[in-house]
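Summary of structural features
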Amino acid sequence: MNSLKILLVDDDDVDREKIRRLMSRTQLEYQLDEVSSGVDALNLMANQHYDCILMDHYLRDSLGTDLLPMLRKYSVTPCPVIMVTGCSNERGVVEAMRDGVYDYLSKTNLHVQQLRTAIEGGLLWASRQVDHMPSDTQQQHMPLFDGLTDLAGRPLFFDRLDQAVHAYQRGNLPFAVLAIDLNLFREVNESLGMAVGDQVLAQIGQRIKLMARRSDTFARLGGDDFAGILMGVATQGDVMTLVNKMSHEVRKPVVVDGRQINVSVSIGACLCPAHGMDSQALMSRAQQALQVSRQQAGAPAIYSGVPSQARTRTRLMPRQLLEAVSKHEIEMHFQPKVGFDSGGLIGVEALARWNSSQLGLVLPNDFMPAAEQSQLLVPITQVTLDLAMRQCKSWLDQGWRVPVSLNLSPRMLDDTSLAPRIIELLDAHGLEYSLFTFEIPEAGFNNRTLNAHQTLKELSQAGCGISIDDFGSGVASLRLLRDFPVSEIKIDPTYIADLRMGSKGAAIVRSLADICRELEINLVAEGVELESSWTLLNRLGCQIGQGYSIAKPMLANELPTWWQGWQAKNYRPTTILH
């Protein structure tokens, strides 16, 4: 493949950096041009040809979809446009696809395989357009069907879902919606390569296709995410019979080049009309059931919540967030960090949650994008700082010294008043500066201004800790440890998920531990989901852990009860495994 010319259009420098890092790991040969506005994109397109465009939906001067007609006008040959956005509104996805977008990727949890697959699929679509496919049917088929699995693509799936809803409204024809996710597929890509991963996807796609009835629709939504519509299915017993059969088939080993590969699957399901009667609500509830399936080690799950209380994944607007702040609906949950060697409580990470009276408990991934694209980032940051400090002070008054870590948006670092405001708040609450550590994601350290560097320096000199979160999630650089006043790094959970002695992951953890020990930096393993990892991490030199195998995030009043139980069981690696 010749070197590709790719245009990245995004007005957020942190997001552009994240995409740039992901692109560097796709193993594609490419030249990447970057612009931050629609006007700049049109100016480049008027003078240059691009093979693919990666574009945010919401730009500072326009909507990405509004640019599509002009982009098509300037492009001599078909050029796939892939939306990469923080918006997770499925209705908006369908509308964008109908406007001519080839694929639609969410910035939340975006990974290399998704990006590469979307680009390669777009290039394949463009080449077939250029080759003048022999029939109108084939020409219509390509944009609507996934090129790797030949299942329906995202736009066709949501169109069929709309049709299924209309069919029920006209004739009371019930149906089920499935959300399907391949477990550990990312590990297949990382250990065996993306070419093998593609073959695994293709084989699983064929298995799903063979199991589908003529009335069913199955689709690959992107990466290892699939979905299905089962027409005429009315009861939970009926849907469980079908999904159990599907789960059994998909779990059978896949053979690629003589190598046997095991990939498990999680499946969540919901029913129309029992769990909703519109496309968006049904997809949201199938996704919620999928989360339950993941927690049940892949056992299929059916949505069990009450529809009126279920949270739909609409795009949260600044007005709603403003009301959340004024109504005091932002609250803090706390996840403990413990010492593997001693079993002692090292501290807690304070995690913001929006306890909405209408939407239920909303996580930061669902409301922070709206905050960061508006003027509400400052007041929300102020609220979370105040809540975390109030709780820390309350614990101190009870004789309990609990250090607190708190996430800061990278965008806040350029605000020269941030460090003085934090120090002023700590003083107002009567807290030692050393009780607070501020976490910034690894990508947030890149391309930061002198103001950002000064902010971190002021916080560090005052005595606060500075932590690099998700270390190793992009292209980790030891330059960060040299140039910034870092007191802690948190290893990205992907390095912890399948940790084994003698593996490359173990070697990386040991090396990081050696570096951190020499630099007097704390090393924290984040996302520790298995108790069996505790002893190995401790032996590798990582002595602090955080994750569900230790404790889930909890309200402040639940922490003492958890701590008593933790002490009573004397949880330490040595006592658990020996």
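Residues numbered from 1 in each chain as written. Predicted model: local features only at pLDDT ≥ 70, side-chain atom pairs only at ≥ 80, totals over all residues. Heavy atoms only, no water.

1. Some points on the sheet that holds strand β8 (residues 225-231)
Across the sheet, 5 strands lie side by side as β7-β8-β6-β11-β12; this open sheet has mixed pairing. Strands at the two margins of the open sheet, each flanked by one partner only, are β7 (217-222) and β12 (301-302). Here 7 bridges tie strand β6 (residues 175-183) to β8, and the two strands are oriented antiparallel to one another. The partner of Ile180 across the bridge, within β8, is Phe226. Across the sheet, helix α10 (residues 236-250) lies against β6, β7, β8, β11 (264-272) and β12, angled at about 160° from β11, the strand it touches most. (Pairing = 2+ DSSP bridges. Helix = DSSP H or I, 4+ residues; strand = E, 2+ residues; numbered from the N terminus. Contact = heavy atoms within 4.5 Å. Axes fitted to C-alpha atoms, helices over the stretch in contact; angles between N-to-C directions.)

2. Observations regarding the packing of helix α9 (residues 194-211) against α10
Packed helices, taken two at a time, are described by the angle between their axes plus the distance between the axes. Viewed as axis vectors pointing N to C, α9 and α10 meet at an angle of 150°, and their least axial separation amounts to 10 Å. One way to sum up the angle between α9 and α10 is to call them roughly antiparallel. Relative to α10, α9 is oriented so that their crossing is right-handed. In this structure, α9 contributes Ile204, Arg207, Ile208 and Met211 to the contact, and α10 contributes Lys245, Met246, Glu249 and Val250. In terms of residue class, the contact of α9 with α10 is built from 5 nonpolar, no polar and 3 charged. (Parallel < 35°, antiparallel > 145°, perpendicular 65-115°, else oblique. Left-handed = near helix turned anticlockwise from the far one by under 90°. Nonpolar A, V, L, I, M, F, W, Y, C, P; charged D, E, K, R; others polar.)

3. Examining the sheet that holds strand β1 (residues 4-9)
Pairing is parallel across the open sheet formed by 5 strands, whose spatial order is β2-β1-β3-β4-β5. Looking at strand neighbours, the two that pair on one side only are β2 (30-35) and β5 (103-106), the edges of this open sheet. The average undirected angle you get between the axes of adjacent strands in this sheet is 20°. The pairing of β1 with strand β3 (residues 52-55) spans 4 bridges and is classified as parallel. Bridge pairing in β3 places Ile6 opposite Cys52. Contacts from helix α1 (residues 13-24) reach β1, β2, β3 and β4 (81-85), with the element oriented near 175° to β2.

4. Digging into the confidence of the model for the chain
In regions of low pLDDT, the predicted coordinates are not meant to be interpreted in detail. The predicted model of the chain averages 81 in pLDDT, with 85% of residues at 70 or higher. The least confident element of the chain, judged by mean pLDDT, is helix α21 (residues 573-577) at 35; the most confident is strand β16 (residues 404-407) at 96. Low confidence marks residues 306-315, where pLDDT is under 50. Its contacts with residues over four positions away, or in another chain, come to 28 contacts. Contacts from residues 573-578, a stretch scored under 50 in pLDDT, to residues over four places away or in other chains number 11 contacts. (pLDDT = per-residue confidence, 0-100.)

5. Overview of unusual backbone geometry
Note that the residue after Cys272, namely Pro273, is joined by a cis bond; omega there is 20°. Mapped onto the elements, Pro273 comes out in the loop between β11 and α11 (279-295). Backbone geometry places Gln27, a non-glycine residue, at a positive phi of 65°. Look at Gln27 and you get exposed, because its relative accessible area is 65%. Positive phi outside glycine occurs at Asp150, with the angle close to 65°. (Buried < 20%, exposed > 50% of the residue type's maximum accessible area, 1.4 Å probe, protein only.)

6. Section: the packing of helix α18 (residues 504-519) against helix α19 (residues 532-540)
The geometry of α18 relative to α19 is characterised by a closest axis approach of 8 Å and an angle of 45° between their N-to-C directions. Classified by the angle between their axes, α18 and α19 sit oblique to one another. Of the residues in α19, those in contact with Ala506, Val509, Arg510 and Ala513 of α18 are Leu537, Arg539 and Leu540.

7. Details of the pairing of β6
Of all 9 residues that make up β6, 9 are buried, and the element is covered over most of its length. Both faces of β6 are covered, namely the face carrying Phe175, Val177, Ala179, Asp181 and Asn183 and the face carrying Ala176, Leu178, Ile180 and Leu182. Relative to β11, β6 is paired through 9 bridges, and the arrangement is antiparallel. In the strand pairing of β11, Ile180 is matched with Ile267.

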